[in-house]
Amino acid sequence: MTETITLRRWSDDDLPVLERSNTPEMTTFLGGPESADALQRRHARFLRLWQTGEARMFAVESSLAAEPVGSIGYWKKQWDGEDVYETGWSIATAHQGRGLAARAVAACLADAAGQGDRRFVLAFPRTDNAASNALCRSSGFTLRGEADFEYPKGHPIRSNVWAFDLTHSAKESDEALA
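Let me begin by describing the structure that accompanies this report. (Residues numbered from 1 in each chain as written. Predicted model: local features only at pLDDT ≥ 70, side-chain atom pairs only at ≥ 80, totals over all residues. Heavy atoms only, no water.)

### A look at the overall build of the protein
Rules: Secondary structure elements follow DSSP: runs of H or I of four or more residues count as helices, runs of E of two or more count as strands, with numbering from the N terminus. With the radius of gyration taken over C-alpha atoms, the globule rule is written as 2.2 Å times the number of residues to the power 0.38. Each residue is assigned to one of three classes by its accessible area relative to the maximum for its type, calculated with a 1.4 Å probe on protein chains only: buried under 20%, partly exposed between the two thresholds, exposed over 50%. Two residues form a contact once any of their heavy atoms are found within 4.5 Å. In short, Shrake-Rupley with a 1.4 Å probe defines the accessible areas, and a residue's cover is counted only from the protein chains shown. Under the counting rule used here, the positive set is Lys and Arg, the negative set is Asp and Glu, and His together with the chain ends is not counted. By convention, charge coordinates are those of NZ in Lys, CZ in Arg, CG in Asp, or CD in Glu.
Summing up its helical and strand segments, the protein has five helices and seven strands in all. Scaling as 2.2 N^0.38, a compact globule of 178 residues should have a C-alpha radius of gyration of about 16 Å, and the protein matches this with 16 Å. Looking at the protein residue by residue over its 178 residues, the buried ones come to 39%. In the protein, once contacts between residues fewer than 6 apart in sequence are set aside, the share between residues at least 24 apart is 60%. Total accessible area on the protein stands at roughly 9700 Å², and carbon and sulfur atoms take up 52% of it. For the protein, the distance from the average position of its 20 positive side-chain charges to the average position of its 25 negative side-chain charges is 2 Å.

### Looking at the sheet that holds strand S4 (residues 82-91)
Keep this limit in mind: In this analysis, strands are considered paired if DSSP registers two or more bridges between them. A fitted line through C-alpha atoms represents every axis, and for helices the fit uses only the stretch in contact; the resulting angles, taken between N-to-C directions, go from 0 to 180 degrees.
If you trace the seven strands from one edge of the open sheet to the other, you get S1-S2-S3-S4-S5-S7-S6, paired in mixed fashion. The open sheet has two edge strands with one neighbour each: strand S1 (5-9) and strand S6 (142-150). Across the sheet, the mean angle from the axis of one strand to that of its neighbour is 30°, orientation sign disregarded. Note: S6 against strand S7 (residues 156-165), eight bridges, orientation antiparallel. Residue pairing in the sheet places Ala147 in a bridge with Ser159 of S7. With respect to the sheet, helix H3 (residues 100-115) is in contact with S1, strand S2 (55-62), strand S3 (70-79), S4, strand S5 (120-123) and S7, its orientation differing from that of S3 by roughly 45°.

### Quick look at the pattern of salt bridges
Worth spelling out the cut-off: Take a side-chain nitrogen of Lys or Arg and a carboxyl oxygen of Asp or Glu: if they are within 4 Å of each other, that pair is a salt bridge.
Tallied over the full model, the rule gives twelve salt bridges. Between Asp165 and Arg119 there is a salt bridge whose closest N-O contact spans 2.8 Å. You can see Asp165 sitting in strand S7 and its partner Arg119 sitting in the loop between H3 and S5, a full 46 residues away along the chain. Several salt bridges converge on common partners, so that one network encompasses Arg8, Asp14 and Glu61.

### A closer look at unusual backbone geometry
A positive phi angle is found at Asp80, which is not glycine, with a value near 50°. Here Asp80 lies in the loop between S3 and S4. Judged by relative accessible area, Asp80 falls into the exposed class, the value being 73%.

### What about the pairing of S2?
By the criterion of burial, S2 is predominantly enclosed, with six of the eight residues buried. In the sheet, S1 pairs with S2 via five bridges, with the strands oriented antiparallel. Residue pairing for S2: Arg8 is matched across the bridge by Ala59. Judged from the six bridges that link them, S2 and S3 form a sheet pairing that is antiparallel.

### With respect to the side chain of Ser62
Selection criterion: N or O atoms closer than or at 3.5 Å make up a polar contact, with two conditions inside protein: a donor-capable atom paired with an acceptor-capable one, and, for residues adjacent in sequence, both atoms drawn from side chains.
In this fold, Ser62 is placed in strand S2. With a relative accessible area of 7%, Ser62 lands in the buried category. A distance of 3.0 Å separates the side chain of Ser62 from the backbone nitrogen of Leu64, its partner in a polar contact. For Ser62, the contacting residues outside a window of four places in its chain are Glu3, Thr4, Ile5 and Val69.

Put into structure tokens, the structure is as follows:
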């Protein structure tokens, strides 16, 4: 059976998705596991930001799993004086290595392109996060350079700046339909 994924709008019932991704292995490049309170705040923020239109967060569902296998989304950001989206994702360890993240990224980018209000989606994986950097490269992002961040607050990190041109994606989609 072929495994397919779908993105479903983040819901009140999705806190366990965050809890499953809150392991030392899954948070190596994100400053380590968060407290239960921090996860509750993140969950509430995902719900609130969808309501306000500032972000679109999704649970990633697999046709071969009874529960969501991860999360993905994008949110409004200003970067170098430009209105962009930033994206981030997480696929639980047990479901990695099957191309689910790549399919989730493609679906997320298509959703962002459909919004029509930003040209670029940016991703900021740490420079030493080989898997996320490879995913950006294989998903059609262009490496713009590196930047310094604090994540979590108070912990300096060096990240790559990857950009995906949504107008290029929309043009390719239009050409494929012609």
